[in-house]
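Close look at the chain arrangement
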Amino acid sequence: MDHRPWTMDQLNYSNITLQPIQPAWLPPQLEAAMLRLDLLHPEVSGNKWFKLKQNLEQAKAAGQTRIVTFGGAWSNHIAATAAACRLAGLQSTGIIRGEAAPVLSLTLQQAQRYGMQLHFISREAYKQKDNTDWEVQYPDGFIIPEGGHNAAGAAGCKEILSLAPTQHFTHILCPAGTGTTLAGLINSAQPQQQVLGIAVLKGGTYLQQEVETLLESSATANWELLQGFHGGGYAKVSLELIDFINDFYTQTGVPLDMIYTGKMAWGLQQLVQQGYFPPGSRLLLIHTGGLQGNLSLPSGVLCF
Ligand SMILES: *Cc1c(COP(=O)(O)O)cnc(C)c1O
């Protein structure tokens, strides 16, 4: 299969590696590796490119010249969309939750540098964003929901498991925000594999249903959405989590973000300690990227 995206030279799939990891808390009977999607590109990193890819192709095929999408001040999706549209030769507009701060977040400053037009709306208006007729304001716009949560997003994520020899693994783990990436992995995993989504927000049954709406009837893998590892809710970051992320980096050399991949790896540690995985299990962690979000922390908090 040819993995070169149509924005060819800038997104190099051969940067993505499958990196074995063996932190001290992982017993020798368990094997683990990370699929480093974060290495694809500093901003168009991780799962966001795969969720955007088919959306951008659809926009281009429909002759639309602008992508309109949604997010908060530190959104990885906003960062990725701005950069990907720049690479793809599309205009972009970000509808941003909340009034503009006097000094914009580094994420939004970078998005602007990539040429994204920022359109700030109140938190109340943002709650109504899915019931707002954005096509009227942006007639040249192709609308992508927040987080790239749609069927094209999930379809693009089916490519992830083909980027490395992943059939060897018994379990596949990823963080779940909207569940789009998880759905793509379930739709492309082998029947004998188990796919585990670590919910990063208190999504309850809602998130479970969101995943189910994106599953294909041909999906055969076992899967489970694990709700116990969100650490208090979306973007809730404790000192324990920061310590875990620093330790993980020291032991494996893999940098994690605090919203998604940090909680996935922390959840893995707790699952291992609970004896969740039978001896001999081979665990594949999907590093979904998101490292640009760490810039919201004061420098020195993380050791990388
Ligand atoms: C957006 C994001 C996710 C969540 O992906 P979903 O497909 O919405 O579940 C996971 N990890 C990182 C780093 C992200 O930026």
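An unreviewed UniProt entry lists the protein under the name 1-aminocyclopropane-1-carboxylate deaminase, with Chitinophaga rupis as the source organism. Heading Cofactor (unreviewed entry) of the UniProt record for the protein holds this comment: "pyridoxal 5'-phosphate". One UniProt comment on the protein, placed under Sequence similarities (unreviewed entry), says "Belongs to the ACC deaminase/D-cysteine desulfhydrase family."

Section: the environment of Thr81
One can find Thr81 in helix α2 (residues 76-88). Residue classification places Thr81 among the buried positions, given a relative accessible area of 1%. Residues Thr81 and Gly71 lie 10 residues apart in sequence; the distance between their C-alpha atoms is 10 Å.

Focus: the sheet that holds strand β5 (residues 117-121)
Ordered by their spatial adjacency, four strands build an open sheet running β5-β4-β3-β6, and the pairing between neighbours is parallel. Two strands lie at the open edges of the sheet, namely β5 and β6 (141-143), each paired on one side alone. Strand after strand, the sheet turns through a mean of 25° between neighbouring axes, direction not considered. Where strand β4 (residues 91-97) lies against β5, five bridges are found, and the strand directions are parallel. Residue Ile96 lies in a different strand from β5, and its bridge partner there is Phe120. Packing against the sheet, α2 makes contact with β3 (66-71) and β4, and its axis sits at approximately 165° to β3.

A word on the site of the ligand
Neighbouring the ligand are 15 residues, the closest being Lys48, Gly177, Thr178, Thr181 and Thr288. A distance of 2.8 Å separates an oxygen atom of the ligand from a polar side-chain atom of Lys51. Side-chain polar atom of Thr181 to an oxygen atom of the ligand: 2.7 Å apart, as the coordinates give it. In isolation the ligand exposes 380 Å². Once the protein is present, 98% of that is buried. When contributions to the shell around the ligand are tallied by element, the ones reaching two or more residues are α1 (47-61), β7 (171-176) and α7 (180-188). Top contributing element to the shell around the ligand by residue count: α1, with three residues.

Quick notes on the pattern of salt bridges
In total, this model carries five salt bridges according to the counting rule given. In this structure, the salt-bridge partner of Asp38 is Arg36, at a minimum N-O distance of 2.8 Å. We classify Arg36 as buried; its relative accessible area is 6%. Here Asp140 makes a salt bridge to Arg66, at a shortest N to O gap of 3.3 Å. Note that Asp140 is positioned in the loop between α5 (134-137) and β6 and Arg66 in strand β3, a separation of 74 residues in sequence. Among the residues examined, Asp140 registers a relative accessible area of 30% and is labelled partly exposed. A relative accessible area of 14% means that Arg66 is categorised as buried.

Here's the deal with the sheet that holds β7
Read from one edge of the open sheet, six strands run β1-β2-β10-β7-β8-β9, paired in mixed fashion. Only two strands of the sheet have a single partner each, and these edge strands are β1 (18-21) and β9 (222-226). Between one strand axis and the next, the sheet turns by 25° as a mean value, whatever way the strands run. By the bridge criterion, five bridges tie strand β8 (residues 194-199) to β9 in an arrangement that is parallel. Residue pairing in the sheet places Gly197 in a bridge with Leu225 of β9. Lying on the sheet, α7 is in contact with β7, β8, β9 and β10 (282-287); it crosses β8 at an angle near 175°. Lying on the sheet, helix α8 (residues 204-213) is in contact with β7, β8 and β9; it crosses β9 at an angle near 150°.

Procedures and definitions
- Residues numbered from 1 in each chain as written.
- Predicted model: local features only at pLDDT ≥ 70, side-chain atom pairs only at ≥ 80, totals over all residues.
- Heavy atoms only, no water.
- UniProt positions renumbered as here; feature names shortened; annotations may be inferred.
- Helix = DSSP H or I, 4+ residues; strand = E, 2+ residues; numbered from the N terminus.
- Buried < 20%, exposed > 50% of the residue type's maximum accessible area, 1.4 Å probe, protein only.
- Pairing = 2+ DSSP bridges.
- Axes fitted to C-alpha atoms, helices over the stretch in contact; angles between N-to-C directions.
- Contact = heavy atoms within 4.5 Å.
- Near = heavy atom within 4 Å.
- Polar contact = N/O pair within 3.5 Å; in protein donor to acceptor, adjacent residues only side chain to side chain.
- Areas by Shrake-Rupley, 256 points an atom, 1.4 Å probe, with all protein chains shown as cover.
- Salt bridge = Lys/Arg side-chain N within 4 Å of Asp/Glu carboxyl O.

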